[in-house]
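Analysis of the macromolecular model
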Amino acid sequence: MNDTTSAAGRIVLLSTSHRVAPGLLSWQAWQVLRSADQVLCSDPAHPQLPYLEEAGVRPLPGDVTARELVDRCADGGRTLVVLAAADGDRRLTDGLATLAGSGREQMPALELLPGSYDLPGARLLDLVQVMDRIRRECPWSRLRTHEDLAKYAIEEAYELVEAIETGDRDELREELGDVLLQVVFHARIAEEATGDDDPFSIDDVAGGIVTKLIHRHPHVFGDDTAETPEDVKEHWLRTKAEEKRRASVTDGVPVGQPGLALAAKLGSRVRTAGLDVPVPTGPGIGYELLTLALRAEADGIDPEAALRAAARAYRDAVRTTEGLPDTVEK
């Protein structure tokens, strides 16, 4: 028995994460499980049970109240381990807290012991599971197609950019989630592809970007070296060119993006390739805007962001003229 056990015994509430494979418990958790006088589990379908039994630990089934736990511990100062449900057991923890707070009980030592911990990114598993259920059970979501959702991807990307430019951290976190939802939603739809369309899953999407990132960062994952941001950019452009093998430096530039961003991207490609391409001229303001966008890009200025900033200033000027506050709720 543990030397720290009080005369009234010891209760250990052992929690585990459903995002970690069953049986992968911490060494401390295995120690307390093997040394306990009793291990209790009220959930007959608890995912840890087969692994505990394989290790020679056989939890007792059945529900117990906080009162019963305290009484069992007092019988010889025993150590009891309660294998908590994945989402916890509020009834039991609240009952123990009530008994401890009464001041009339000789309480056993109480300990909350995490038996397994979430790895970084573990909540992404929850998102995949939630999206899977929504796709199956929501009348609206189960009918959506890639084409239906395309406009939302654009809208959410714009809202993310706005959150970045306004510096609102709460909005930034929320909008990142909305963008992430679009990725998971499209990947979920892609799993159901039939016919000539090859199905793929969110794991394929993640695997693809992992492979791409590793390949494009040989200075991190390989033997190359990069001491400056310019070195990194050179690596990136070289490996990207090897992957794409484009006939023109303009290949792959999406022409559906906003006009200023499109002009700046084309200008960046041309400048990086060292080409001397005369800027076309013609009637209309479009050619003037093209010239301004290319000049801004060459000066290291994002023309799209610059115009948005100017537009916000114009919006505030309008509201000032109207006698309204400068800022508005989204």
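Numbers given to residues run from 1 along each chain, matching the order in which its sequence is written. Totals for whole chains, interfaces and linings use every residue, but because this is a predicted model, local features are given only for residues with pLDDT of at least 70 and side-chain atom pairs only at 80 or more, for both listing and counting. As a rule here, side-chain values come from all non-hydrogen atoms in the structure, and water together with hydrogens is ignored.

1. Details of the overall build of the chain
- Numbering goes from the N terminus for both helices and strands, where a helix is a DSSP run of H or I of at least four residues and a strand is a run of E of at least two. When helices and strands are tallied, the chain shows 13 helices and four strands.
- For this analysis, residues touch if any pair of their heavy atoms sits within 4.5 Å. Put simply, 62% of the contacts in the chain that link residues at least 6 apart link residues at least 24 apart.
- In the structure as shown, the chain presents an accessible area of about 21300 Å², 57% of it carried by carbon and sulfur atoms. Computed with the Shrake-Rupley method and a 1.4 Å probe, the accessible areas treat only the protein chains shown as cover for residues.

2. Looking at the sheet that holds strand 1 (residues 10-15)
- Here a strand pair is declared whenever DSSP counts at least two bridges between the two strands. With parallel pairing, the four strands of this open sheet are ordered in space as 2-3-1-4. Unpaired on one side and paired on the other, strand 2 (38-40) and strand 4 (109-114) mark the two borders of the sheet. Shown here is a sheet whose adjacent strand axes are inclined to one another by a mean of 20°, direction ignored.
- As defined by bridge partners, strand 1 adjoins strand 3 (residues 79-83) across five bridges and the pair is classed as parallel. Following the sheet pairing, Val 12 is matched in strand 3 by Val 81. Orientation is described by axes fitted as lines to C-alpha atoms, over the contacting stretch for helices, and by angles from 0 to 180 degrees between their N-to-C directions.

3. So, the confidence of the model for the chain
- For every residue, the pLDDT score states the predictor's confidence, bounded by 0 at the bottom and 100 at the top. Here the chain averages 88 in pLDDT, and 95% of its residues register 70 or above.
- Mean pLDDT values for the elements of the chain range from 79 in helix 10 (residues 229-244) up to 97 in helix 7 (residues 169-190).
- Counting contacts from residues 1-5, a segment whose pLDDT is below 50, to residues more than four positions away or on other chains yields 10 contacts.

4. Some words on the pattern of salt bridges
- Basic side-chain nitrogens of Lys or Arg form a salt bridge, by our definition, when they fall within 4 Å of a carboxyl oxygen of Asp or Glu. Going through the model one piece at a time under the given rule, you end up with 20 salt bridges.
- Residue Arg 67 pairs with Asp 71 through a salt bridge whose shortest N-O separation is 3.1 Å. With Arg 67 and Asp 71 both in helix 3 (residues 66-74) and four residues apart, this pair spans about one turn of that helix.
- Only protein chains enter the accessibility calculation, which uses a 1.4 Å probe; a residue whose area is less than 20% of its type maximum is buried, one above 50% is exposed, and one in between is partly exposed. Under the relative-accessibility criterion, Arg 67 is labelled partly exposed at 33%.
- Salt-bridge contacts for Asp 316 lead to Arg 315; the nearest nitrogen and oxygen are separated by 3.3 Å.
- Residue Asp 316 is classed as buried on the basis of its relative accessible area, which comes to 19%.

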